[in-house]
Amino acid sequence: MKNVLFIASEAVPFIKTGGLADVVGSLPKYFNKDEFDVRVMIPKYTCIPWEYREKMVYKTHFYIDLAWRTQYVGVFEMEYDGVTFYFIDNEFYFGGPKPYSWIHEDIEKFAFFSKAALSAIPVIGFKPDIIHCNDWQTGLIPVYLHERFALGDFYNGVKSIMTIHNLKFQGIWDLKKVKDITGLDDSYFTSDKLEAYKDANYLKGGIVYADRVTTVSETYAEEIKTPFYGENLDGLMNARANVLSGIVNGIDYEVYNPMTDKSLAANYNQITFRKEKWKNKVVLQKELGLAQDKSKFMIGIVSRLTDQKGLDLIAYVMDELCAEDVQLVVLGTGEEKYENMFRHFDWKYNDRVSANIYYSEEMSHKIYAACDAFLMPSLFEPCGLSQLMSLRYGTVPIVRETGGLTPAEMSPARGMVSESRMGCSSAEKHWAKTLNSGGKTKAIEAACRNTPQSAGMRDTEASTDMRHRATAWSRKQALTVRLALKRSAAHPAAMTMTGMARRDMERPRLASSGPNPAALTRKICRIL
């Protein structure tokens, strides 16, 4: 039996701001419990709903030093869906209406969390063989494991994995202030360790000191070795290429299930898809004040409204798009310019565009089920979960080919896209490699200074292909339709509706007359 501890800043159902929470909250329960004891540790935010906080059981408390302060650390425990969750309590850091705040506050908050999490492990009665860190918020954990915690016998043999869910977010702040907050020696703030361009970088520290590094798709693992996608860490990613792997994300088929989803007006499966799915569209049209017509071609967007998501493309073609016989439903928050853009088009095309500038899990499920197509023209996408969720509900994703949105990553043979256990098997094999590894490979200083390198590119053709992807970001070529993922007949409960959706598009015999969905989809792609 191997013990694995996931440490992250969020996890469903307790707190969620993005796909990280879906993975951390859903993946652990699918591992083989005869071979792995997988547990999760996150902060005990005061914004976690009371229905969960009231069920948390107090375990212990103690105090740690952070900078010039002595801080309280409380540890709470709760079992959910057969998985043990631990919660680190400190209202000074984890109070407030949101899990994240200004970066200078979060830098100290997650330095505390990293140190508190490692300090709490000996007192919870669970010694992990592997600590699985996620994103920059836990980037200091491999560093601390190498530094002060390496002196304790309890931590001998504990390995660490650093998973990059999005390389763009790195936890960067002033070098002197981070030295003061973390208490790390000056030797840790050199160009081959935490220092990057005269600032301190939490994620870089995690990548340098972790025993293995993973990303959330194999394509993204290759992309981040290039300057275009590397976010100034491409040299480091090439230096650590020997321990870098990509494991594609997946979704929880129990949560995202059109047959049992209580958010839907009409449930359906691969058999009743054609008769029932359109009812969700009509109900959503009524709820959002759109023209009620089941033959309207409805496009959904559920996303953070940021440049990364390719929304500049949508802004460029919105008028042309709305000139077609389509409806557009948007759900999400983000940059003010995009929030206001969608509000404007909601006002301009009131019966065709619905801008919902907030986030609701229930509304997202309604959109996945009601729409005919899901628009996701991301500039880069480490993996992406929305396209998998839309496929699960029989809604065809229109995507730009990048990261986890490539045909290879979305094929039925890959990870939890096909079957939850397959994704777990990939992680289990990776954990085995981590446990058998002989320790961290040193990153050469020149690489850590991010000088461009070709290491990790299989050949000239692959390098040329990556450059082509970087330059192919154009308004005329950005989107491509992916109509893949027929489900295995051996797993009907896990089957997405894509096969049915494809037949509907190729042979549009819907209950009412209307525009040809296939023709509209092709036209939308040409416009974009």
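Residues numbered from 1 in each chain as written. Predicted model: local features only at pLDDT ≥ 70, side-chain atom pairs only at ≥ 80, totals over all residues. Heavy atoms only, no water.

**Thoughts on the packing of aromatic side chains**
Formally: Here a Phe, Tyr or Trp ring, Trp counted by its six-membered ring, pairs with any other such ring whose centre lies within 6.5 Å, and the pair is stacked when the planes are under 30 degrees apart, edge-to-face when over 60, and tilted otherwise. Classification of residues uses two cut-offs on accessible area relative to the type maximum, computed with a 1.4 Å probe and protein chains only: under 20% is buried, over 50% is exposed, and between them is partly exposed. By definition here, charges over rings are those cases where NZ of Lys or CZ of Arg is within 6 Å of the ring centre and within 35 degrees of the ring normal.
With the rule as written, the count across this model stands at 26 aromatic pairs. With a centroid separation of 6.4 Å and 55 degrees between ring planes, the pair formed by F31 and F36 is classed as tilted. This pair shows no difference in class: F31 is buried, exactly as F36 is. Clustering of aromatic rings is evident, with ring pairs tying together Y45, F92, Y93, F94, Y100, F110, F112, F113, W136 and Y202. Over the ring of W278 we find K294, and its NZ or CZ is 4.0 Å from the ring centre.

**Section: the confidence of the model for the protein chain**
Segments scoring low in pLDDT should not have their predicted coordinates read at a detailed level. Applicable threshold: Within a predicted model, pLDDT stands for the predictor's per-residue confidence, ranging from 0 to 100. Here, residues are in contact when the closest pair of their heavy atoms is within 4.5 Å.
Residue-level pLDDT values for the protein chain average 82, and 77% of them are 70 or greater. Low confidence marks residues 412-423, where pLDDT is under 50. Its contacts with residues over four positions away, or in another chain, come to 37 contacts. Under a pLDDT of 50 for its full length, residues 438-513 has, in the predicted model, 170 contacts with residues more than four places off or in other chains.

**Looking at helix α4 (residues 103-120)**
Note the cut-off: Numbering of helices and strands starts at the N terminus; helices are DSSP runs of H or I of at least 4 residues and strands are runs of E of at least 2. For a helix, the expected span equals 1.5 Å multiplied by the residue count minus one.
Between its first and last C-alpha atoms α4 spans 25 Å; for 18 residues at 1.5 Å apiece the expected length is 26 Å, and the two agree. Burial analysis of α4 places 15 of its 18 residues in the buried class, the great majority of the element.

**Considering helix α11 (residues 311-322)**
Applied cut-off: Note that the arc is computed from the directions linking the helix axis to the C-beta atoms.
Helix length check: α11, at 12 residues, gives a terminal C-alpha distance of 15 Å against a target of 16 Å (1.5 Å per residue), a fit within 8%. Taken together, the buried positions of α11 are L311, L313, I314, V317, M318, L321 and C322. Each buried residue of α11 sits inside an arc of 165 degrees when the element is viewed along its axis, so together they form one side.

**Regarding the side chain of N134**
Let me state the cut-off plainly: For the purposes of these results, a polar contact is taken to be a pair of N or O atoms within 3.5 Å, where, inside protein, one atom must be able to donate a hydrogen and its partner to accept one; residues adjacent in sequence count only when each atom of the pair is a side-chain atom.
Within the secondary structure, N134 sits in strand β6 (residues 130-134). Its relative accessible area of 2% is what places N134 among the buried residues. Reaching out from N134, the side chain makes a polar contact with the backbone oxygen of I7 at a distance of 3.2 Å. A polar contact of 2.9 Å, which involves the side chain of N134, links it to the side chain of H165. Each residue touching N134, except ones within four places of it in the same chain, is listed here: F6, I7, A8, L20, V24, M162, T163 and H165.

**Here we look at the packing of helix α10 (residues 273-288) against helix α13 (residues 361-370)**
This is how it is decided: Lines fitted to C-alpha atoms define the axes here, with helix axes fitted over just the stretch in contact, and angles between the N-to-C directions of these axes take values from 0 to 180 degrees. Oblique is the label for any angle not under 35 degrees, not over 145, and not in the 65 to 115 range, which are roughly parallel, roughly antiparallel and roughly perpendicular in turn. Whether a crossing is left-handed or right-handed is set by the direction in which the near helix is turned from the far one by less than a right angle, anticlockwise for left-handed and clockwise for right-handed.
The interhelical angle for the contact between α10 and α13, taken along N-to-C directions, is 130 degrees, at an axis separation of 8 Å. It follows from the interaxial angle that α10 and α13 lie oblique. Handedness of the crossing formed by α10 with α13: left-handed. Touching K277, N280, K281, L284, E287 and L288 of α10 are M363, K366, I367, Y368, A369 and A370, all from α13.

**Some points on the pattern of salt bridges**
Threshold: By salt bridge we mean one thing: a side-chain nitrogen of Lys or Arg within 4 Å of a carboxyl oxygen of Asp or Glu.
Enumeration over the complete set of coordinates arrives at 22 salt bridges. Put simply, K29, D81, D252 and E254 are held in one network by salt bridges that share partners.

**Here we look at the sheet that holds β6**
Paired through backbone hydrogen bonds, the strands of a sheet run either parallel or antiparallel to each other. Spelled out, the test is: Two strands form a pair only when DSSP identifies at least two bridges running between them.
Taken in spatial order, the 9 strands of this open sheet run β3-β4-β5-β2-β1-β6-β7-β11-β12, and their pairing is mixed. In the strand order of this sheet, the two ends are held by β3 (57-66) and β12 (244-246), each with one partner. The average angle at which neighbouring strand axes cross in this sheet is 25 degrees, direction not considered. Judged from the 4 bridges that link them, strand β2 (residues 36-43) and strand β5 (residues 83-89) form a sheet pairing that is parallel. Residue pairing for β5: M41 is matched across the bridge by Y86. Where helix α7 (residues 202-209) meets the sheet, its contacts fall on β7 (159-164) and β11 (212-215), and the angle it forms with β7 comes to roughly 135 degrees.

**A word on the nonpolar core**
Selection criterion: Nonpolar cores are built from buried Ala, Val, Leu, Ile, Met, Phe, Trp, Tyr and Cys residues. Side-chain atoms within 4.5 Å join them into one set.
With 113 residues, the main nonpolar core has M41, F87, I88, F112, I131 and I207 as its most contacted residues. With 9 residues, the single largest contributor to this core is α4. Core analysis: the second largest hydrophobic core is formed by 23 residues, F297, L305, L328 and M341 among them.

**Considerations on unusual backbone geometry**
For the peptide bond that leads from V12 to P13, omega is 5 degrees, which places it in the cis range. One can find P13 in the loop between β1 (2-7) and α1 (19-26). With a phi close to 70 degrees, N232 is a non-glycine residue in the positive phi region. Structurally, N232 can be placed in the loop between α8 (218-223) and α9 (234-239).

**Digging into empty space enclosed by the protein**
Put simply, the test is: Residues are said to line a cavity or pocket when one of their atoms sits within 4 Å of a point; the points come from a 1 Å grid over protein atoms alone, cavities being sets where a 1.4 Å probe fits but cannot get out and pockets being open sets with protein on both sides within 12 Å along at least five of seven lines. Grid points are joined across faces, edges and corners, and a volume is the space filled by probe spheres set on the points. Classification convention: Asp, Glu, Lys, Arg as charged; Ala, Val, Leu, Ile, Met, Phe, Trp, Tyr, Cys, Pro as nonpolar; all other residues, Gly among them, as polar.
Following the criterion strictly, the structure yields 2 cavities of 30 Å³ or more and no others. Put simply, the second largest cavity is a space of about 30 Å³. Lining the second largest cavity are D22, S26, G250, I251, D252, Y256, L385 and M389. When its residues are assigned to classes, the lining of the second largest cavity shows 4 nonpolar, 2 polar and 2 charged.

**Some words on the sheet that holds strand β8 (residues 172-174)**
Spatially, the 3 strands line up as an open sheet ordered β8-β10-β9, and their pairing is antiparallel. Each edge of the open sheet is held by one strand with a lone partner, namely β8 and β9 (195-196). Relative to strand β10 (residues 199-201), β9 runs antiparallel, the two being bridged by 2 bridges. Paired with E195 across the two strands is A200, which belongs to β10. Each of β8, β9 and β10 touches helix α6 (residues 175-182); the most contacted strand, β8, lies at about 95 degrees to it. Packed on one face of the sheet, α7 meets β9 and β10 and runs near 55 degrees to β10.

**Some points on the environment of S26**
Topologically, S26 is positioned in helix α1. Setting aside anything within four residues of it in sequence, one finds S26 in contact with V12 and D252. A polar contact of 2.9 Å, which involves the side chain of S26, links it to the backbone oxygen of D22.

**A look at the packing of α4 against α6**
At a minimum axis separation of 10 Å, α4 and α6 run at an interaxial angle of 30 degrees. It follows that α4 is roughly parallel to α6 by the angle criterion. Crossing of α4 over α6 shows right-handed handedness. Contacts from I107, E108 and A111 in α4 reach V178, I181 and T182 in α6. Taken together, the residues that form the contact of α4 with α6 break down as 4 nonpolar, 1 polar and 1 charged.

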